[in-house]
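Given next are the chains, with one letter for each unit.
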Amino acid sequence: MRIDSHQHFWKFDPVKSSWITEDMRILKRDFLPSDLEPLLLENNFDGCVAIQADQTEFETEFLLGLSNENKFIKGVVGWIDLRAANIEERLEFYSSYQKLKGFRHILQAETDLDFMLGKKFLNGISLLKKYNFTYDILIFPKHLAYAEQLVARFPDQIFVIDHLAKPDFKHLDFEAWVKGITAIARHSNVFCKVSGLVTEADWKHWKFEDFVYCLEVLFDVFGVDRLLYGSDWPVSLLAAEYSVCIDIIEKYMSNHSDSDQRKVFGENAVRCYGLL
């Protein structure tokens, strides 16, 4: 299957979606499966993985509801309070939902860089494998050293780094990112999403060449077996149309084999998330 491994749905609420600032006003509306399905069809995708954008269990249930109504939503990465005293009870409850594949916390927004290494958080992570859940890591380059400590503690747990860990495409300052992404890629339980490039660049003036160096590093350290394409739609609309985001990666991979391209554009997502 050809899979978009990272996109979002929401019913716009100015309070809940306070992260959407005035310069992001293009996102101040509902984005639902009926908006995405034509884009998937036009670009020959068989399905997608819907990723949480709000840190509530209501969000998880909202996405699961959409996945039940739309077969092209092959998987959901929701949210759960990993630090909760009843975390195992909640994981057991959610394990009955076939399309729920994993969880994510917006780590990049936490004040403490080492939030992910807190005792209660680690306890929650330690239980994910038991229920066959993945964990998506949403961070900036400054968090990579802590994320490496996290993934090293749980070598049997599948982790997925979102958006390459957000290298600084605006200023083309990649030194810290290269060091961190190279180190974390040494852990074979870690996948990485080739997603979110344009949203970390200058929205109005980015160009393909801005991304080449980081893509070269990424493909070198992870190889084609642990990379997943994701659009980051609709957030990506801040800087590019849906098809343009695809074109960036297809252009970069134009000299790769068809087999390599099938892996990055779908097969790895199916394997990583256990999609049907």
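The structure we're discussing is the one just above.
All figures in this text were calculated on a predicted structure; none of them were measured in a lab. (Residues numbered from 1 in each chain as written. Predicted model: local features only at pLDDT ≥ 70, side-chain atom pairs only at ≥ 80, totals over all residues. Heavy atoms only, no water.)

Engineer: Would you explain empty space enclosed by the protein in this entry?
Structural biologist: To find leftover empty space, one rolls a probe the size of a water molecule over the atoms. Inspection of every chain in the model, using the stated rule, returns 3 cavities of 30 Å³ or more. Ranked by residues supplied to the lining of the largest cavity, first place goes to helix α8 (residues 242–252) with 3 residues. Residues of the lining of the largest cavity, tallied by class, amount to 7 nonpolar, 6 polar and 1 charged. Forming the walls of the second largest cavity are Trp10, Lys16, Ser17, Trp19, Ala53, Asp54 and Glu59. Class assignment of the residues belonging to the lining of the second largest cavity gives a composition of 3 nonpolar, 1 polar and 3 charged. (1 Å grid on protein atoms, 1.4 Å probe; cavity = no way out; pocket = protein on both sides within 12 Å on 5 of 7 lines; lining within 4 Å. Points joined across faces, edges and corners; volume = space filled by probe spheres on them. Helix = DSSP H or I, 4+ residues; strand = E, 2+ residues; numbered from the N terminus. Nonpolar A, V, L, I, M, F, W, Y, C, P; charged D, E, K, R; others polar.)

Engineer: Looking at this model, I keep getting lost on the packing of helix α6 (residues 175–185) against helix α7 (residues 209–222). Mind explaining?
Structural biologist: The geometry of a pair of packed helices is captured by two quantities: the angle between their axes and the separation between those axes. At a minimum axis separation of 9 Å, α6 and α7 run at an interaxial angle of 20 degrees. Compared by their axis directions, α6 and α7 come out roughly parallel. Crossing hand, α6 versus α7: right-handed. Note on element contacts: α7 touches α6 through Tyr213, Cys214, Val217, Leu218, Val221 and Phe222, opposite Trp177, Val178, Ile181, Thr182, Ile184 and Ala185. When grouped by side-chain class, the residues that make up the contact of α6 with α7 number 11 nonpolar, 1 polar and no charged. (Axes fitted to C-alpha atoms, helices over the stretch in contact; angles between N-to-C directions. Parallel < 35°, antiparallel > 145°, perpendicular 65-115°, else oblique. Left-handed = near helix turned anticlockwise from the far one by under 90°. Contact = heavy atoms within 4.5 Å.)

Engineer: Would you explain unusual backbone geometry in this entry?
Structural biologist: Residues other than glycine predominantly adopt negative phi, and peptide bonds predominantly adopt the trans conformation. Of note, the amide linkage connecting Trp233 to Pro234 takes the cis form, showing an omega dihedral of 0 degrees. Summarising the element assignment, Pro234 is placed in the loop between β8 (227–229) and α8. Non-glycine residue Asn132 carries a positive phi angle of around 65 degrees. Mapped onto the secondary structure, Asn132 falls in the loop between α4 (119–128) and β5 (134–137). Here His163, not a glycine, exhibits a phi torsion of approximately 55 degrees, which is positive.

Engineer: What is the right way to read the nonpolar core from this model?
Structural biologist: For soluble globular proteins, nonpolar side chains are generally found buried alongside one another. Ranked by size, the top nonpolar core spans 90 residues in total, and within it Trp177, Ile181 and Phe222 carry the most contacts. The residues contacting Trp177, other than those within four sequence positions of it, are Pro141, Leu144, Leu164, Ala165, Pro167, Cys214, Val217 and Leu218. By size, the runner-up hydrophobic cluster in this structure holds 11 residues, among which are Ile51, Phe191, Tyr273 and Leu275. (Core = buried A, V, L, I, M, F, W, Y, C linked by side-chain atoms within 4.5 Å. Buried < 20%, exposed > 50% of the residue type's maximum accessible area, 1.4 Å probe, protein only.)

Engineer: Would you take a moment to explain the sheet that holds β8 for this structure?
Structural biologist: Strand pairing in a sheet relies on backbone hydrogen bonds, with the paired strands running either antiparallel or parallel. The parallel open sheet is built from 8 strands, whose spatial order is β1-β2-β3-β4-β5-β6-β7-β8. Each having just a single partner strand, β1 (3–7) and β8 make up the two edges of the open sheet. Averaged over all neighbouring strand pairs, the angle between strand axes comes to 25 degrees, with direction disregarded. Note: strand β3 (residues 73–78) against strand β4 (residues 100–105), 3 bridges, orientation parallel. Pairing of Gly78 across the sheet is with Phe103, part of β4. In the packing of helix α5 (residues 144–153) onto the sheet, contacts are made with β5, β6 (159–161) and β7 (190–194), and the angle to β5 comes to roughly 170 degrees. (Pairing = 2+ DSSP bridges.)

Engineer: Honestly, the pairing of β7 in this entry has me stumped. Any pointers?
Structural biologist: On a regular strand, each side chain points to the face opposite its neighbour's, so the side chains alternate between the two faces of the sheet. Of all 5 residues in β7, 5 are buried; the element is thus mostly enclosed. Side chains Val190, Cys192 and Val194 project from β7 onto one buried face, and the interleaved Phe191 and Lys193 project onto a second face that is buried too. Note that β6 and β7 share 3 bridges and pair parallel. Residue Phe159 lies in a different strand from β7, and its bridge partner there is Val190. Tracing the backbone out of β7, into α7 and back to the parallel element β8 gives a crossover that is right-handed. (Right-handed = clockwise from strand over helix to strand, strands pointing away.)

Geometric values such as these leave the question of function open.
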